[in-house]
Amino acid sequence: MTFKRRNGGRNKHGRGHVKFIRCSNCGKCCPKDKSIKRFLVRNIVEQAAVRDVQEACVYDSYTLPKLYVKMQYCVSCAIHSHVVRVRSRTNRRNRDPPQRFIRRRDDTPKPGQAPRPGVAVPARA
Amino acid sequence: METRRLTAESTPVFQEGIGLILSRWSALTAAVENEWGGRDSRVKANLICSDVLSFFTESKAEPLYIDDLENVLEEGLLSLNTVLEDGSIEEVAEKLMIMHEECLEGNYQSIEKLRTTNPPPVAHVKPFTEDDEDEDDDEDDCMDADNATTMMEDVPNSRTSSNPASMPIDEPKPSQAAEAEDGWTVVSSRRNKGGRN
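In short, a report on the structure. (Residues numbered from 1 in each chain as written. Chains lettered and ligands numbered in written order. Predicted model: local features only at pLDDT ≥ 70, side-chain atom pairs only at ≥ 80, totals over all residues. Heavy atoms only, no water.)

Quick word on the overall build of chain B
Reasoning step 1: Each helix and strand counted, chain B has 10 helices and one strand in total.
Reasoning step 2: Along chain B, from the amino end to the carboxyl end, the secondary structure elements read α-α-α-α-β-α-α-α-α-α-α.
Reasoning step 3: Taking all 197 residues of chain B together, the buried fraction comes to 35%.
Reasoning step 4: Long-range pairs, those at least 24 residues apart, make up 70% of the contacts in chain B between residues at least 6 apart in sequence.
Reasoning step 5: Within the structure as shown, chain B displays about 12,100 Å² of accessible surface, and the carbon and sulfur contribution to it stands at 51%. (Helix = DSSP H or I, 4+ residues; strand = E, 2+ residues; numbered from the N terminus. Buried < 20%, exposed > 50% of the residue type's maximum accessible area, 1.4 Å probe, protein only. Contact = heavy atoms within 4.5 Å. Areas by Shrake-Rupley, 256 points an atom, 1.4 Å probe, with all protein chains shown as cover.)

Quick look at the packing of helix H3 (residues 41-58) of chain B against helix H4 (residues 66-79) of chain B
Residue and element names in this part refer to chain B.
Reasoning step 1: For the pair H3 and H4, interaxial distance at closest approach is 9 Å and the crossing angle is 165°. In terms of orientation, H3 and H4 fall into the roughly antiparallel class. For H3 against H4, the interelement crossing comes out right-handed. Contacts between H3 and H4 involve Lys44, Ile48, Asp51, Val52, Phe55 and Phe56 on the former and, on the latter, Asp68, Leu69, Val72, Leu73, Gly76, Leu77 and Ser79.
Reasoning step 2: Of the residues that constitute the contact of H3 with H4, the class distribution is eight nonpolar, two polar and three charged. (Axes fitted to C-alpha atoms, helices over the stretch in contact; angles between N-to-C directions. Parallel < 35°, antiparallel > 145°, perpendicular 65-115°, else oblique. Left-handed = near helix turned anticlockwise from the far one by under 90°. Nonpolar A, V, L, I, M, F, W, Y, C, P; charged D, E, K, R; others polar.)

A word on the environment of Gly37(B)
Residue and element names in this part refer to chain B.
Reasoning step 1: As for its placement among the helices and strands, glycine 37 is situated in the loop between helix H2 (26-33) and H3.
Reasoning step 2: Each C-alpha atom, one on glycine 37 and one on leucine 80, is 3.8 Å from the other, the two residues being 43 residues apart in sequence.
Reasoning step 3: Those residues in contact with glycine 37, other than ones at most four positions away along the chain, are Ala31, Lys44, Ser79, Leu80 and Asn81.

Let's talk about the sheet that holds strand S1 (residues 82-84) of chain B
Reasoning step 1: The strand order S4(A)-S3(A)-S1(B) describes an open sheet built from three strands, whose pairing is mixed. Taken across any chain shown, the strands that pair with only one partner, and hence form the sheet edges, are strand S4 (66-73) of chain A together with S1 of chain B. Averaged over all adjacent pairs, the angle separating strand axes in this sheet is 20°, with direction ignored.
Reasoning step 2: The pairing of strand S3 (residues 36-43) of chain A with S4(A) spans eight bridges and is classified as antiparallel. Paired with Val41(A) across the strands is Tyr68(A), a residue of S4(A). (Pairing = 2+ DSSP bridges.)

As for the environment of Glu85(B)
Reasoning step 1: Assignment of secondary structure puts Glu85(B) in the loop between S1 and helix H5 (88-104).
Reasoning step 2: Among all residues touching Glu85(B), those that are not within four sequence positions of it are Leu40(A), Val41(A) and Arg42(A).

Details of the packing of aromatic side chains
Reasoning step 1: In the structure shown here, the tally under the stated rule is five aromatic pairs over all chains.
Reasoning step 2: Here the aromatic rings of Tyr68(A) and Trp36(B) are separated by 6.4 Å at their centres, their planes lie at 55°, and the arrangement is tilted. Of this pair, Tyr68(A) sits in strand S4 while Trp36(B) sits in the loop between H2 and H3, each in a different chain.
Reasoning step 3: Judged by relative accessible area, which is 6%, Trp36(B) ranks as buried.
Reasoning step 4: When the centroid spacing of 5.1 Å and the interplanar angle of 80° are considered together, the rings of Phe14(B) and Phe56(B) count as edge-to-face. In this pair, Phe14(B) is assigned in helix H1 (residues 10-23) and Phe56(B) in helix H3, connecting sequence segments 42 residues apart.
Reasoning step 5: Judged by relative accessible area, which is 0%, Phe14(B) ranks as buried. (Phe/Tyr/Trp six-rings, centres within 6.5 Å; stacked < 30°, edge-to-face > 60°.)

Focus: the packing of H1(B) against H5(B)
Residue and element names in this part refer to chain B.
Reasoning step 1: In the contact formed by H1 and H5, the axes pass within 10 Å of each other and the chain directions differ by 160°. The angle between H1 and H5 falls in the class roughly antiparallel. Of the two possible hands of crossing, H1 and H5 adopt the one that is right-handed. Taking contact as the criterion, the partners of Ser10, Phe14, Gly17, Ile18, Ile21 and Leu22 in H1 are, on H5, Val92, Lys95, Leu96, Met99, His100 and Cys103.
Reasoning step 2: In the contact of H1 with H5, the residues fall into eight nonpolar, three polar and one charged.

Examining H5(B)
Reasoning step 1: Counted at 1.5 Å a residue, the expected span for H5(B) with its 17 residues is 24 Å, and the 24 Å between its end C-alpha atoms agrees.
Reasoning step 2: Inspection of H5(B) places Ser88(B), Ile89(B), Val92(B), Ala93(B), Leu96(B), Met97(B), Met99(B), His100(B), Glu102(B) and Cys103(B) among the buried residues, and these make up the whole buried set. (Expected span 1.5 Å × (residues − 1).)

Digging into the nonpolar core
Reasoning step 1: Among the nonpolar cores identified, the biggest contains 37 residues, and Trp25(B), Val52(B), Leu73(B) and Leu96(B) are the most heavily contacted of them.
Reasoning step 2: Counting residues per element, this core draws most heavily on H5(B), which supplies seven residues.
Reasoning step 3: Residues within four places of Val52(B) in sequence aside, it is in contact with Ile18(B), Leu69(B), Val72(B), Leu73(B) and Leu96(B).
Reasoning step 4: In terms of nonpolar packing, the next biggest core, distinct from the first, is built from 11 residues, Ile36(A), Cys74(A), Cys77(A) and Val84(A) among them. (Core = buried A, V, L, I, M, F, W, Y, C linked by side-chain atoms within 4.5 Å.)

Everything listed is a geometric property; what it means functionally is a separate question.
What follows is the structure in structure tokens.
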């Protein structure tokens, strides 16, 4: 059978076993090195409610705290929630940081720069 | 009009300004300090700086769109495994655009102001640990220095000697005794204290 990825879909070198973690979305067990890890930084209060909370705040100029969460997804949840995407065989080998889709305006595309493809986050390259 | 060209003298100043702004970006510094992008998080952060500079210097389109700059910042943060939803990307992109405009005009006041002011302290993001245990140890040291059990003997000694902040803990105790005079008795929620006897 062919090997889909050189590292076998995970980041385990020189080890026999890695303990598993639970997916933060579905609770599935997934090896820690194989899981897709993302750090989320969010405001505790949503943008719409910030003004209301600040008006009701007792303290003057109170900086609202942020919520720091480490999300660990199993592969299924990461693909389902569009954190990562399936890539073609040649694109799988691309380990560069993903390039977001640049919204092009009406003016001509920049001739100097190479056209940026709408490549999404690698799915376990 | 060729106002978009950064002169040879303003480019290094602008580069320094980019570095100053990004070093004051709490989310980016938190990602680097806590190594959210792995061991080479600092290298990746420096890559973001150079990407921003190349966005400003090498993009051929006449108007520089802030959306493209935000995309550059977002990609860089994604290389650090970080997704920011707190709106700080837009703020930082706006500051960078404003600074670019100022550098085009030769106005380096904002960069010099950034140089002189200190960067804000880094938000140390630590996983949530049990804080009840630590507080009990500190308060036990001050009150039960004589009655320290053998199990906790090493820990209280190291804490009282190395933690000068343990001394101010003595102050709340007299205030608590004073409150008892109102007819209320202060019951501290130290569950371990009862268990140690």
